[in-house]
Structure formats: C-alpha cells, structure tokens
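Analysis of the macromolecular model
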Amino acid sequence: MAFLEGQGSGVKDKLLNNFGMKILSIILAIIIWLLVTNVDNPYTTKTFTDIPVSVINEDSLLKKNKTWDIIEGDKVTVTLKAKRSVIDKIGRSDIQATADLSKLSITNAVPINVNVLYYNDEIKEKNLGSVDTMKVKLENIKTGQFPVTVETVGEVQSGYAIGTKIPTPNIVEVSGPESLVKRINQVRVTVNVQGLASSQTFSAEPAYYNYDGDKLDSSRLTCNVKKVEVSVNLLQTKKVELKVKTTGDVAKGYQLESVLLEPKTITVAGTKEQLADLSEILVSNLSVEGLKDDTEENIDITSYLPEGIKLAQDSPDVRVKIQVVPLDVNTITIPTNKITVKNQDMSLNLSFAEESISVTIRGEQEAIQDLKLEDLNPTIDLTDLGEGDHQVQLEVKDLKDAYYENIPKIKISLKAE
C-alpha cells in the first residue's frame, strides 16, 4: 500500500512537471500557425479607379418638383483592404458605389457609400479617394410642348419621291431640368426610307436638338410618349421641261438677248393622275423691266408648280440668267434740201441755217442697217409761220423695231420776196 502511494506520488509529480511544458507548446503552436497563416494569406490592399456612382431615392426630390445635376462625384476611386485570398477574387463589377438623395444635406451634398458584392463582410477597410461625397445642383422641373419634325435618311426607290411625312402625335410634352428644357429648339424623329417603294408607317423615338442643331442629352429628359408613329406617303416622279415668260421692257437703248433657266428640266412628284398631262413648268411673269445689265438669280420654282405637285428630293435649285445687250446705232445725215416742206406761205422765201442735220437711230441690226433717207420721210410743217427766223421740229416716219435717239429742231429763215 505504501509502495503504491509512493508510485502514485511520482506519477503525479511527473504530470505536474510536464504540464507547463505542454501549455507552452500549445501557445507556441498557435503563434506559429498565426505566423504561417499571415505569411501565406496576408492582408493587402487594392485600388479601383473610375467606379461609377449610382443615385438612389430620386423620388425624394421629384416629389418636390425638383431635379438634379451632378457637379462632382459621379465617379470615385475605391481602395479595399482584405485578405489576399479575398482581394484576388474582387473585380470592378463587384463594387457598388451609391449616393442616396434622400440624405441630401443643406449644402446639396450626399455621402457616397461603397458595398462589395459577396465579400462585403470580409473587407477590413474601404477607403474613398479625394472625392467621398456627391455634390449636386438642384433645379425646378419644367414641362414644354414642342411640334414634332420628321427627318428621313436614305433614298427611296427610283421613280418615287416622299410626299407627306405625318407624325402621330404631332406635338409632344417634354419634361426635365428647366435649363435643359429651355435649350430645346426642336423635337425630331428620324426614319430610314432607303429603298422604300410604297407608303409605310414607321415607329421612332423622339430626339432633342438645341438652337445650333446639336443633339441634347436625353437621359435627363422625359417625353409623354416613348415612340412617335410616322406615316410616310410616296408619290411618283416625272421629269418635265422648264419654260419662261417675261414681262416688262428692258431699259431704252437695250434689248433682251436671252433668258435661260438652269437646269432646263426638273423632276417633280405627284399622283399618277396629276402627272399624266404634265409636260412643262412655266415660269411666268418674270420681270425684265428697266434692265441694262446681265443678271442672274435663284428663283423659287415651287411657286410655279401646279396644285398638288411638289419637287422631288433630287431636284436642284433653279437659276435664271438674263442677258441684255445694247441696241445697234445708225446715224443718218439728212441734207436740208431733201426735207419735205408743208404749209409754207409761198409769199415768203425759205432758207436753212445748215446744209444738213443728223438723226441717230437705235434698234436691232436687221431693222436699221439698211435704212435710207427716203425711209425716214423727213418733213417740216410751216403752218402759221410768218417772216423771220424760226426753229421748227423735224418730223420723221415711225420705224418698226427701232427708235430715234434724237429728232432735232431745224433753224430756218422766212423772208419776203
């Protein structure tokens, strides 16, 4: 018994003596495990740039008839700290940055929150760069009404032209930031008519353009319709001649040489019945009144088109060229002794102060180049003229297609025999 007690006491001493060593061993093992773990899978950081910031709870402003524009904070830089095994699994698409407009401060700033999909709880740190808030500018929401303009692209099939382009609805309501709505000059829908050979209806989204013709960002504008229906009606085409009729007279001393239209033909569009008997377009009442010089000008040919007829898409501008030239001149010398005298008092002798006089005639060359003295039939009338010196008007025969530039007075003397 005493032996057993002695043996038990020895075992107990050995156990107690080894217990401290065992505890120390366990602690060392834990430390070594932690060291190995941190060496193999340490904490590390990774930076992601240009992460887009999504806006949430916009309704909080819309209910107040307000809209917003981002001044700063639409993109952020995010730095994450986590175990390397976690960091290596995270991509840009896993990072969500949001700004809650319901938390808008009095300075119009919203804190930006970052969430990492699937791994958010394993992220030790999330740090934003220099931009950690979204700053916005508030505006009133404005609604305006605008007519719809239809634009076509492409060419219809040969032999056809676009007649009418009717949008439904033809007026739309557009809402958005007041400053943006005020910039809208035109609401336009575009339809592609390439190869079209029959009338057709298209569906197109409206787009918005400013006064310079530049397209506006539509992401912040809303329209009361998503699509506009456009009915495109096709007409048949026909090539016809252009003719001209002038009115008035060119300046005295000039003649109208020619009136030319360029092009000489144009393509018009209409229904089959309207085009059946149409062979020419007459440009009437083109005034040449008082012209002395050649002139060119564009004319609005549409004002000369018959009712229901329109220009085809490929018809060019029409230009009229008017050529005016001076008339030819012929000067004829008339000996005074060849002048016929009428109603002379035969008790008086007649004498002329000059042996001859000249008259100048203007006209077309064919009308004046062969004129002779006898064609003029120069005459003076001495009715009621008594003794003394006189000036009498020379009388000449009217000419066809010509006129006298000057008809002189003749100095004469009547003396008693």
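See the structure printed just above.
**Quick notes on the overall build of the protein**
Looking only at helices and strands, one finds seven helices and 28 strands in the protein. Taking 2.2 N^0.38 as the reference for a compact globule, 417 residues should give roughly 22 Å; the C-alpha atoms of the protein span a radius of gyration of 52 Å, well beyond that estimate. With respect to the three principal axes, the spread of C-alpha positions in the protein is 210 × 50 × 40 Å. Of all intrachain contacts in the protein linking residues separated by at least 6 positions in sequence, the fraction that spans at least 24 positions is 76%. A total accessible area of about 25900 Å² is found for the protein, and carbon and sulfur atoms account for 47% of it. Side chains of the protein carry 47 positive and 60 negative charges; the gap between the two charge centres is 15 Å.

**Details of unusual backbone geometry**
A negative phi angle is the norm for most residues apart from glycine, just as the trans form is the norm for most peptide bonds. Residue Pro169 is bonded to the preceding Thr168 through a cis peptide linkage, with omega at -5 degrees. Looking at the element boundaries, Pro169 is found in the loop between strand S8 (160-168) and strand S9 (171-177). With an omega of 0 degrees, the peptide bond running from Glu262 to Pro263 counts as cis. Looking at the secondary structure, you find Pro263 in the loop between strand S15 (254-262) and strand S16 (265-270). Positive phi outside glycine occurs at Asn285, with the angle close to 60 degrees. Examined against the element boundaries, Asn285 turns out to sit in strand S17 (residues 280-287). The phi dihedral of Asn343 falls on the positive side, at around 60 degrees, and the residue is not glycine.

**Some remarks on the packing of aromatic side chains**
A complete count under the given rule lists one aromatic pair for this structure. Note on Tyr118 and Tyr119: the rings are 6.4 Å apart at their centroids and 80 degrees apart in plane angle, and the pair reads as edge-to-face. The ring of Tyr209 has Arg188 lying over it, and the distance from NZ or CZ to the ring centre is 3.7 Å.

**So, the environment of Ser356**
Among the structural elements, Ser356 can be located in strand S24 (residues 356-363). For the pair Ser356 and Glu417, spaced 61 residues apart in the sequence, the C-alpha separation amounts to 24 Å. In this structure, Ser356 is in contact with Thr333, Ile334, Pro335 and Thr336, ignoring residues within four places of it in sequence.

**Let's talk about the pattern of salt bridges**
Considering all chains together, one arrives at ten salt bridges under this definition. We note a salt bridge from Arg220 to Asp69, for which the minimum N-O separation is 3.7 Å. With Arg220 in the loop between strand S12 (207-209) and strand S13 (222-223) and Asp69 in strand S2 (residues 66-72), this residue pair connects regions lying 151 residues apart in the sequence. By relative accessible area, Arg220 is classed as partly exposed at 25%. Relative accessible area serves as the criterion here: at 28%, Asp69 is assigned to the partly exposed category. Lys182 is the salt-bridge partner of Glu178, the closest N and O atoms lying 3.5 Å from each other.

**A short note on the sheet that holds S24**
The sheet built from three strands is open, its strands ordered S21-S24-S27 with antiparallel pairing. Lying at the two open borders of the sheet, with one neighbouring strand each, are strand S21 (328-335) and strand S27 (402-406). The average angle at which neighbouring strand axes cross in this sheet is 35 degrees, direction not considered. Across four bridges, the pairing between S24 and S27 is antiparallel.

**Some words on the pairing of strand S5 (residues 109-116)**
Where strand S4 (residues 95-100) and S5 come together, five bridges link them in antiparallel fashion. Bridge pairing in S5 links Ala97 to Val114. Judged from the three bridges that link them, S5 and strand S7 (residues 133-153) form a sheet pairing that is antiparallel. Bridge assignment links Pro111 to a residue of S7, and that residue is Thr133.

**Some points on a negative patch on the surface**
Taken together, the side chains of Glu257, Asp328, Glu364, Glu366 and Asp401 define an acidic patch exposed on the protein surface. Structurally, Glu366 can be placed in helix H6 (residues 365-368).

Calculation rules
- Residues numbered from 1 in each chain as written.
- Predicted model: local features only at pLDDT ≥ 70, side-chain atom pairs only at ≥ 80, totals over all residues.
- Heavy atoms only, no water.
- Helix = DSSP H or I, 4+ residues; strand = E, 2+ residues; numbered from the N terminus.
- Rg over C-alpha atoms; globule rule 2.2 N^0.38 Å.
- Contact = heavy atoms within 4.5 Å.
- Areas by Shrake-Rupley, 256 points an atom, 1.4 Å probe, with all protein chains shown as cover.
- Lys, Arg positive; Asp, Glu negative; His and termini not counted.
- Charge placed at Lys NZ, Arg CZ, Asp CG, Glu CD.
- Phe/Tyr/Trp six-rings, centres within 6.5 Å; stacked < 30°, edge-to-face > 60°.
- Lys NZ or Arg CZ within 6 Å of the ring centre and 35° of its normal.
- Salt bridge = Lys/Arg side-chain N within 4 Å of Asp/Glu carboxyl O.
- Buried < 20%, exposed > 50% of the residue type's maximum accessible area, 1.4 Å probe, protein only.
- Pairing = 2+ DSSP bridges.
- Axes fitted to C-alpha atoms, helices over the stretch in contact; angles between N-to-C directions.
- Patch = residues over 30% accessible without salt bridge, like charges linked within 9 Å, V, L, I, M, F, W, Y side chains within 5 Å.

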